[in-house]
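Structural characterization, general
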There are 2 protein chains.
Amino acid sequence: MELVAAMQRIVGAKNVIYEPHRLHVFSCDGYVAEPSLPRAVVMPTNTDEVAAVVRWLHQHKIPFLPRGAGTGLSGGAIPLNGEVIISLVKMKKLLSVDFENLRAVVQPGLVNLNLTKLITGEGYYYAPDPSSQSVCTIGGNLAENAGGSHCLKYGVTTNHIVAAKFVLPDGEVIDVGSGFGDPIGYDILGLIVGSEGTLGIATEITVRILKKPQAVKTALAMFDRVEDASNTVSAIIGAGIIPAAIEMMDQLAMQAVDKSNYHVGYPTDIEAVLLIEVDGLAAGLEEDAGRVVEICEQNHVRMVKVAGSEAERSLWWSSRKMAFGAIGRVSPDYIVQDGVIPRTKLTEVLQRIADISCESGLPIANVFHAGDGNLHPLICYDSRIPGETEKAMRVGSEVLRVCVDVGGTITGEHGVGIEKVEEMRYQFGEADLAAQLAMRDVFNPGALCNAGKLIPSPARCVEVKQARWTTGRNAAGVEG
Amino acid sequence: MELVAAMQRIVGAKNVIYEPHRLHVFSCDGYVAEPSLPRAVVMPTNTDEVAAVVRWLHQHKIPFLPRGAGTGLSGGAIPLNGEVIISLVKMKKLLSVDFENLRAVVQPGLVNLNLTKLITGEGYYYAPDPSSQSVCTIGGNLAENAGGSHCLKYGVTTNHIVAAKFVLPDGEVIDVGSGFGDPIGYDILGLIVGSEGTLGIATEITVRILKKPQAVKTALAMFDRVEDASNTVSAIIGAGIIPAAIEMMDQLAMQAVDKSNYHVGYPTDIEAVLLIEVDGLAAGLEEDAGRVVEICEQNHVRMVKVAGSEAERSLWWSSRKMAFGAIGRVSPDYIVQDGVIPRTKLTEVLQRIADISCESGLPIANVFHAGDGNLHPLICYDSRIPGETEKAMRVGSEVLRVCVDVGGTITGEHGVGIEKVEEMRYQFGEADLAAQLAMRDVFNPGALCNAGKLIPSPARCVEVKQARWTTGRNAAGVEG
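Residues numbered from 1 in each chain as written. Chains lettered and ligands numbered in written order. Predicted model: local features only at pLDDT ≥ 70, side-chain atom pairs only at ≥ 80, totals over all residues. Heavy atoms only, no water.

**Some words on the overall build of chain A**
Counting its secondary structure elements, chain A contains 17 helices and 20 strands. Scaling as 2.2 N^0.38, a compact globule of 480 residues should have a C-alpha radius of gyration of about 23 Å, and chain A matches this with 22 Å. Burial statistics for chain A: of 480 residues in total, 64% are counted as buried. Taken as a whole, chain A presents about 16,800 Å² of accessible surface, with 51% of it coming from carbon and sulfur. One finds the centroid of the 42 positive side-chain charges in chain A at a distance of 5 Å from the centroid of its 56 negative side-chain charges. (Helix = DSSP H or I, 4+ residues; strand = E, 2+ residues; numbered from the N terminus. Rg over C-alpha atoms; globule rule 2.2 N^0.38 Å. Buried < 20%, exposed > 50% of the residue type's maximum accessible area, 1.4 Å probe, protein only. Areas by Shrake-Rupley, 256 points an atom, 1.4 Å probe, with all protein chains shown as cover. Lys, Arg positive; Asp, Glu negative; His and termini not counted. Charge placed at Lys NZ, Arg CZ, Asp CG, Glu CD.)

Structure follows, in structure tokens:
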């Protein structure tokens, strides 16, 4: 096979996978659509190899797509068209670090948490913290503009990437952004971040690193009513406090978590719990935490407590971060939705979601980044019951429409991928989507690179539709 | 004249200027190139009128450009090709404000400071604060991705604009960004911010507003040596403190300011002064300011003082913000340069600038945002001396090359415009610039909209060259 031989010449025989039984693991990602086999997987080790691979594929009009750890939840790394997968897992070096200027240069395959591990000894860290951070890669985070619990204060991935070396879909290598200073000319770097692998492949990424905060205070607040918890979120922000994180879990999520290994002991009759974290210089942080407690009390909290030890804080965070997995234990299947709403609409939208749950008969748990208004409704269903998968998908779509209707969006951090490509039509008008398509066509005119993702085509191909409406078990249990 | 009649039909007779004597004021902006007359100026009052004007001009292949207050320092609003100027000054409404969700929707002609004035009573403000903020418009800020003294902590304009209604160069209207949540699909909004009016015209802009900080502490620190001041900047950031602002002035600037109305009484033998401001919740701010003072002392400060009153703070800030004007009093002419460097290179680069000043015989004052590494060397010269204007331009160019050579960029906040279109070739490689051009061509294929700015063409037209190398007196005395 000419393709395999050519790839082997570029990256070496051991870095090309083409045997069907070894390709299966690359047929899906965190979004469990119908698996679709790539024609090969290539694992380059540097920019030149990526460029050479892409150049060859482009010349031979063979479709391809980049892949990090494959933890994406919207299907961005699924080879719908039998693409050659360019896996970045062998490009996982920290290339350089400049502590004084707070910059690090990494390869795209470096695991998010590993960057922090490599610099933590010096007192620094990399801020974006998707729940999958122990496995997902910084290249994948760039592609999805990944979020995380602490993005309320620190911002999402796009706020932490300042420059990149980028291989265009024809194999040309460009430099975008700059190590220091804001973008010059058009902000192409900003365009690339969040482009879900449809514009090319980042092969060297310059990120901001941060000094670890001197101190952290974490409060756990339990509320009889969702409304009081929601009002508390708005009141904290309204008071001019910017916590590092404000996370919310509802009753169903708490109950699931309390059945798992992370037993906090939530009362069974409270409707919502908030996890509120403030960080910064030690001076004044006690007062900040005091203000947070006070605001909870003004909003009829049943119980609020500041963590007395790192162990207690860690238990609370684990119970939050493992909530998705916990839901997986109490429901045979679930779909993680991801939408954004204005903070002030929390009560209204959570009520609408509860109504949708009632009407459909499918339980919906809510575990989410309340401070950003970034909802993650977990729609529980059983794929063994005929028609229930489709019903769950419809319910998810309905929830997203509610988000858009109150002025929000169809995704906060999980991306569009193949999952929400149709919902883009609900979010945007025709002219808006035409501009988006035009953007793609500049870089990726033949759509050889990751076709069928992110932007709906005027005439969408049948394969995409099929993948989208076929789901299965979500084994990953991780989220952004 | 068909053009005038058509424009009058769309926006009304009183909103079209075509008489030559009234066009003169629109022939230049804050970058004093050779004036170039527009063929007409049109002042629409809403999105539909802007779209109709653009559609007509596009159909008739007549070049045009948008203009805010005309305070830009890089020539972005100069009608090099006799463009029809679409002035946004009549679109200056605050359309709506949502305090709870921290959003405001404004028209592009609203003056930056006026937005803050309109919401200050409720305790809110708009953060980006270019020195021209009392006259410049938010639409112009969007076009230039304007900065300001407090961008160290709060970020530049792109961090404060979340959505826009945008008229493309063919008159089509698109919505970009979203009021809540991060960008969905390609971040076209991010591309538009900082595109210097070359991609179209924003007609409704949704911005973040912020709660005013509870408290502010401002320190003034005087140093015998520039090196100590530079080290102090790095040490403050290195300590994990993010001040709202760290501004630096050198000896020449201080002397000029002390001769103006803002007499602070700087000792004549100190080499540098820092203005350092911390803000936030009152609790803990005293300690923050104490840490700043301590770090200054560790770095051999001669004198450091925290402002004891709002009057004192205000005097210090005025002396900083009026420094450009003050230089204008002691030098017949000056060029404000604008480059960015890594903070840790401050000492080295300031020394290089001093060397360049010595070699050229032209005095250079430095007044700048030290915390961001955003330099503003003011190159003093006398245009009445033959050849000195050209020499000052060459010196400016040389300074920018020094910035790029240490890993920085050719502009921090003043934009590229016509001023630095050639320096783009020093910043970027050919492939990078080709990508930039491709971006422009998506939106603006015939380059009818603000041609000759921002991106150097493969074959640059003679007019641009002429404008660039013809300068005059800079009367504005304002900067970003």
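Alright, that's what it looks like, and here's the rest.
**So, the pattern of salt bridges**
Two side chains bearing opposite charge may form a pair once their charged atoms approach each other closely. Residue and element names in this part refer to chain A. Under the counting rule described, the total for this entry stands at 36 salt bridges over all chains. Here Glu312 makes a salt bridge to Lys305, at a shortest N to O gap of 2.4 Å. The exposure class of Glu312 is buried, given its relative accessible area of 19%. Judged by relative accessible area, which is 36%, Lys305 ranks as partly exposed. Put simply, Glu422 and Arg425 hold a salt bridge, and the shortest N to O gap is 3.2 Å. Given the relative accessible area of 36%, Arg425 is considered partly exposed. (Salt bridge = Lys/Arg side-chain N within 4 Å of Asp/Glu carboxyl O.)

**A closer look at the UniProt feature "domain: FAD-binding PCMH-type" (unreviewed entry) in chain A**
Taking the UniProt record as the reference, the feature "domain: FAD-binding PCMH-type" (unreviewed entry) is found at residues 34-212 of chain A. Here residues 34-212 of chain A is 21% helix and 25% strand, with 42 Å between the C-alpha atoms at its ends. (UniProt positions renumbered as here; feature names shortened; annotations may be inferred.)

**What about the confidence of the model for chain A?**
Per-chain confidence: chain A averages 92 in pLDDT, with 95% of residues scoring 70 or above. This stretch, residues 459-480 of chain A, has a pLDDT under 50; its non-local contacts, to residues over four places away or in other chains, come to 65 contacts. (pLDDT = per-residue confidence, 0-100. Contact = heavy atoms within 4.5 Å.)

**Description of the pairing of strand 8 (residues 161-167) of chain B**
Residue and element names in this part refer to chain B. Counting buried residues along strand 8, six of its seven residues qualify, which places the element largely inside the surrounding structure. When strand 8 meets strand 10 (residues 201-208), the two strands line up antiparallel, connected through six bridges. If you follow Lys165 over to strand 10, its bridge partner there is Glu204. (Pairing = 2+ DSSP bridges.)

**Some words on the side chain of Thr137(B)**
Summarising the element assignment, Thr137(B) is placed in the loop between strand 7 (124-125) and helix 5 (138-144). Look past the residues within four positions of Thr137(B) in its chain and what remains in contact with it is Gly68(B), Ala69(B), Pro108(B), Gly109(B), Leu110(B), Val111(B) and Asn112(B).

**A closer look at the domain arrangement of chain A**
Residue and element names in this part refer to chain A. Annotation of chain A at the domain level lists domain 1 (2-87), domain 2 (94-211), domain 3 (215-325) and domain 4 (331-468). Computed from C-alpha coordinates alone, the two centres of domain 2 and domain 3 are separated by 29 Å. Taken residue by residue, the interface counts nine residues in domain 2 and 11 residues in domain 3. Summing both partners gives a buried area of about 820 Å² for domain 2 against domain 3, and 47% of it is carried by carbon and sulfur. Among the residues of domain 2 in contact with domain 3, Ser149, Leu152 and Lys153 are the three that bury the most area, contributing 59% of the side total. At the surface where domain 2 touches domain 3, the tally comes to two salt bridges. The salt bridge involving Lys153 is made with Asp279; its shortest N-O contact spans 2.6 Å. Counting the contacts that link domain 2 with domain 3 gives three residue pairs in polar contact (both at pLDDT 80 or more). The residue inventory of the side of domain 2 that touches domain 3, partitioned by class, reads three nonpolar, four polar and two charged. (Domains from an automatic or database assignment. Buried area = accessible area lost by both parts, 1.4 Å probe. Polar contact = N/O pair within 3.5 Å; in protein donor to acceptor, adjacent residues only side chain to side chain. Nonpolar A, V, L, I, M, F, W, Y, C, P; charged D, E, K, R; others polar.)

**Things to note about the packing of aromatic side chains**
All names here are of chain B. This model, assessed by the stated rule, comprises four aromatic pairs over all chains. Judged by centre distance (6.4 Å) and plane angle (90 degrees), the rings of Tyr125 and Tyr154 are edge-to-face. Taken together, the residues Tyr125 in strand 7 and Tyr154 in helix 6 (residues 151-154) connect sequence positions 29 residues apart. Classification of Tyr125 as buried rests on a relative accessible area of 14%. Between Arg401 and the ring centre of Tyr426, over which it is positioned, the NZ or CZ distance is 4.2 Å. (Phe/Tyr/Trp six-rings, centres within 6.5 Å; stacked < 30°, edge-to-face > 60°. Lys NZ or Arg CZ within 6 Å of the ring centre and 35° of its normal.)

**Description of the sheet that holds strand 3 (residues 64-67) of chain A**
Within a sheet, each strand pairs with its neighbour through backbone hydrogen bonds, oriented either parallel or antiparallel. Residues and elements named next belong to chain A. On the basis of which strands lie adjacent, the open sheet formed by four strands has the order 1-2-4-3 and mixed pairing. Both edges of this open sheet fall to strand 1 (16-17) and strand 3, since each of them pairs with a single strand only. Where strand 3 and strand 4 (residues 84-87) come together, four bridges link them in parallel fashion. Following the sheet pairing, Phe64 is matched in strand 4 by Val84. Packed on one face of the sheet, helix 3 (residues 47-59) meets strand 2 (40-42), strand 3 and strand 4 and runs near 170 degrees to strand 4. (Axes fitted to C-alpha atoms, helices over the stretch in contact; angles between N-to-C directions.)

**Examining the packing of helix 9 (residues 251-258) of chain B against helix 12 (residues 323-330) of chain B**
Residue and element names in this part refer to chain B. One way to put it is that helix 9 packs onto helix 12 with a least axis distance of 8 Å and a crossing angle of 85 degrees. Classified by the angle between their axes, helix 9 and helix 12 sit roughly perpendicular to one another. Packed against helix 9, whose contacting residues are Leu252, Ala253, Ala256 and Val257, the element helix 12 presents Ala323, Ala326, Ile327 and Val330 at the interface. Class assignment for the residues of the contact of helix 9 with helix 12 results in eight nonpolar, no polar and no charged. (Parallel < 35°, antiparallel > 145°, perpendicular 65-115°, else oblique.)

**Here's the deal with the relation of the copies chain A and chain B**
Superposition of chain A onto chain B requires a rotation of 180 degrees combined with a translation of 0.0 Å along the rotation axis, giving an RMSD of 0.0 Å. Given the turn and translation reported, the copies of this chain are related as if by a two-fold rotation axis. The rotation axis passes nearest to the C-alpha of Gly284(A) in chain A, at a distance of 1.9 Å. A symmetric contact is evident, with 100% of the interface residues of chain A recurring at the interface of chain B. (Least-squares fit on C-alpha atoms with pLDDT ≥ 70 in both.)

**A look at the interface of chain A and chain B**
Between chain A and chain B, the contact holds 63 residues from the first and 63 residues from the second. Carbon and sulfur atoms supply 64% of the area that chain A and chain B bury against each other, a total of about 5,000 Å² over both sides. Across the chain A-chain B interface, the total number found is zero salt bridges. For the pair chain A and chain B, the interface holds 12 residue pairs in polar contact (both at pLDDT 80 or more). Of all the elements in the fold, those that place two or more residues in the side of chain A that touches chain B are strand 9 (173-177), helix 7 (188-192), helix 8 (226-238), helix 10 (285-298), helix 15 (424-427) and helix 16 (430-443) of chain A. Class assignment for the residues of the side of chain A that touches chain B results in 31 nonpolar, 21 polar and 11 charged.

**Overview of the environment of Ala244(A)**
Residues and elements named next belong to chain A. The topology assignment puts Ala244 in the loop between helix 8 and strand 13 (245-250). Ala244 sits in the buried class, given a relative accessible area of 0%. Counting along the chain gives 91 residues from Ala244 to Lys153, while the straight-line C-alpha distance between them is 4.7 Å. Contacts of Ala244, omitting those with residues within four sequence positions, involve Ser149, His150, Cys151, Leu152, Lys153, Tyr154, Glu277, Val278 and Asp279.

**Regarding helix 14 (residues 388-405) of chain B**
The end-to-end C-alpha distance of helix 14 of chain B is 25 Å, a good match for the 26 Å that 18 residues give at a rise of 1.5 Å each. The set of residues buried in helix 14 of chain B consists of Glu388(B), Thr389(B), Ala392(B), Met393(B), Val395(B), Gly396(B), Ser397(B), Val399(B), Leu400(B), Val402(B), Cys403(B) and Val404(B). (Expected span 1.5 Å × (residues − 1).)

**Some remarks on the pairing of strand 20 (residues 377-381) of chain A**
Residues and elements named next belong to chain A. Extensive coverage of strand 20 is indicated by the burial of five of its five residues. On strand 20, burial covers both faces: Pro377, Ile379 and Tyr381 on one face and Leu378 and Cys380 on the other are all buried. The pairing of strand 16 (residues 333-336) with strand 20 spans four bridges and is classified as antiparallel. Residue pairing in the sheet places Tyr334 in a bridge with Cys380 of strand 20. One ladder, built from three bridges, connects strand 18 (residues 364-369) with strand 20; its direction is antiparallel. Counted as the bridge partner of Ile364 is Ile379 from strand 20.

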